[in-house]
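Here is how the chains run, residue by residue.
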Amino acid sequence: MTQEKAKAGELGTIRLWRKWSFDGVEVKDASLKRYIALQPVLIPHSGGRHEHQRFAKSGVNIVERFTNNLMRHGSAGGKKAKAANIVRMAFEIIHLKTGQNPIEVLVSAVERSAPAEDTTRIMYGGIVYHRAVDISPQRRVDLALRLLADGARNASLTSSKPIEECVADELIAASLGDSRSYAISKKDEMERIALSSR
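Every chain is numbered independently, its residues counted from 1 as its sequence is written. Per-residue local features of the predicted model are confined to residues with pLDDT of at least 70, and side-chain atom pairs are confined, for both listing and counting, to 80 or more; whole-chain, interface and lining totals are unaffected and use all residues. Excluded from the side-chain calculation are hydrogens and water; included are all heavy atoms of the structure.

Engineer: A description of the environment of leucine 32 should follow, citing residues and the corresponding values.
Structural biologist: To qualify as a helix, a DSSP run of H or I must reach at least 4 residues; to qualify as a strand, a run of E must reach at least 2; elements of each kind are numbered from the N terminus. Mapping leucine 32 onto the fold places it in the loop between strand S2 (20–21) and helix H2 (62–70). Burial status follows relative accessibility: with a 1.4 Å probe on protein chains alone, a residue under 20% of its type maximum counts as buried, one over 50% as exposed, and anything between as partly exposed. For leucine 32, a relative accessible area of 0% translates into the label buried.

So, in structure tokens, the structure goes:
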């Protein structure tokens with residue numbers, strides 16, 4: 001009887017690409033909890049229904065937002081199915097390399113590569129000063145996703161590895177806080193410049 005209940009429970013849960021579960025995945029950074037959406041989806045494709053409402057993108061699943069960032073320029077520019085397949089294969093590679101749920105790795109990578117401070121230009125008496133400012137949580141998530149996607153894209157351009165491997169390597173390195181990750185190095189650079197201009 002317990003096996004039948006377990007099978008029924010497995011059939012009832014929605015898994016990403018029928019493989020990766022959202023159960024047990026949680027955001028550890030309290031400030032980013034509202035902006036990293038982890039509602040279960042089967043396929044990360046909402047059809048852009050969020051774009052006509054202000055700040056509705058924070059309700060879009062984090063895997064879909066990362067997929068959308070991979071669609072920038074290059075071979076996957078505007079091709080959602082191709083970008084989704086890249087993320088799908090990268091998730092398989094992440095699982096093979098780490099043995100962890102790839103959604104957890106993505107969430108951890110976003111949390112660790114989200115910069116907390118940036119600089120802004122202030123003009124005072126004809127002189128431009130750079131001042132350190134805190135970054136809002138929504139922008140922190142946006143920047144983290146963009147840096148992760150840019151890092152994977154740049155790595156695939158400069159090496160013979162396929163883009164799927166580059167995405168997997170970037171996410172794994174960023175989730176560990178490794179400075180070899182493009183996103184982590186850019187975050188550290190932004191925060192170092194902000195610290196010097198306080």
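Engineer: Lay out the side chain of arginine 140 with the relevant residues and their values.
Structural biologist: Inspection of the secondary structure puts arginine 140 in helix H5 (residues 137–158). Definition of a polar contact: a pair of N or O atoms within 3.5 Å, with one able to donate and the other able to accept a hydrogen when the atoms are protein atoms, and with sequence-neighbouring residues admitted only if both atoms are side-chain atoms. At 3.2 Å, the side chain of arginine 140 and the backbone oxygen of proline 115 are in polar contact. Contacts are assigned to residue pairs that have any heavy atoms within 4.5 Å of one another. Non-local contacts of arginine 140, meaning those with residues more than four positions away in its chain, are made with Asp29, Ser31, Leu32, Ala114, Pro115, Ala116 and Ile135.

Engineer: Would you mind going over the packing of aromatic side chains in detail, with residue names and values included?
Structural biologist: The rule is short: rings of Phe, Tyr and Trp, with Trp giving its six-membered ring, pair when the centres are within 6.5 Å, and they are stacked under 30 degrees, edge-to-face over 60, tilted in between. Per the counting criterion, the structure on display carries one aromatic pair. Here tryptophan 17 and phenylalanine 91 contribute two aromatic rings whose centre-to-centre distance is 6.0 Å and whose plane-to-plane angle is 80 degrees, an arrangement assigned as edge-to-face. Linking tryptophan 17 in the loop between strand S1 (15–16) and S2 with phenylalanine 91 in helix H3 (residues 80–98), this pair joins segments that are 74 residues apart in sequence. Judged on exposure class, the residue tryptophan 17 and its partner phenylalanine 91 are both buried.

Engineer: Before we move on, can you summarise helix H4 (residues 102–112) with the specific residues and values?
Structural biologist: Burial analysis of H4 places nine of its 11 residues in the buried class, which makes it a mostly covered element. Of the residues flanking the start of H4, the one acting as N-cap is asparagine 101, its side-chain oxygen 3.1 Å from the backbone nitrogen of isoleucine 103.

Engineer: Please give an account of the nonpolar core that cites residues and values.
Structural biologist: Generally speaking, nonpolar side chains in soluble globular proteins are found buried as a group. Throughout this description, the term nonpolar core refers to a set of buried Ala, Val, Leu, Ile, Met, Phe, Trp, Tyr and Cys residues connected via side-chain atoms within 4.5 Å. Leu16, Ile36, Leu38, Ile62, Phe66, Phe91 and Leu171 are the most contacted members of the largest nonpolar core, which totals 46 residues. Secondary-structure elements contributing two or more residues to this core are H2, H3, H4, H5, helix H6 (163–175) and helix H7 (182–196). Per-element accounting of this core gives the leading share, eight residues, to H3. If we skip the residues at most four places from it in the chain, phenylalanine 91 touches Leu16, Trp17, Trp20, Val63, Pro102, Ile103, Leu106 and Leu171.

Engineer: Describe in detail the layout of surface pockets, supporting the description with residues and values.
Structural biologist: Here a cavity denotes a set of grid points, spaced 1 Å apart and computed over the protein atoms alone, in which a 1.4 Å probe fits but from which it cannot get out, and a pocket denotes an open set meeting protein on both sides within 12 Å along at least five of seven lines; residues with an atom within 4 Å of a point are reported as lining. Grid points are joined across faces, edges and corners, and a volume is the space filled by probe spheres set on the points. Here the largest pocket is characterised by a volume of approximately 250 Å³. As for the largest pocket, its lining consists of 15 residues, and the residues nearest its centre are Lys28, Gln100, Glu104, Val105 and Ser108. Secondary-structure elements contributing two or more residues to the lining of the largest pocket are H4 and H6. The element that contributes the greatest number of residues to the lining of the largest pocket is H4, accounting for six residues. Just so you know the grouping, Ala, Val, Leu, Ile, Met, Phe, Trp, Tyr, Cys and Pro go in nonpolar, Asp, Glu, Lys and Arg go in charged, and all remaining residues, Gly too, go in polar. Taken together, the residues that form the lining of the largest pocket break down as five nonpolar, five polar and five charged. Forming the walls of the second largest pocket are His50, Lys57, Val60, Arg65, Asn68, Asn69, Arg72, Arg139, Asp142, Leu143, Leu145 and Arg146. Looking at the lining of the second largest pocket element by element, the count peaks at five residues for H5.

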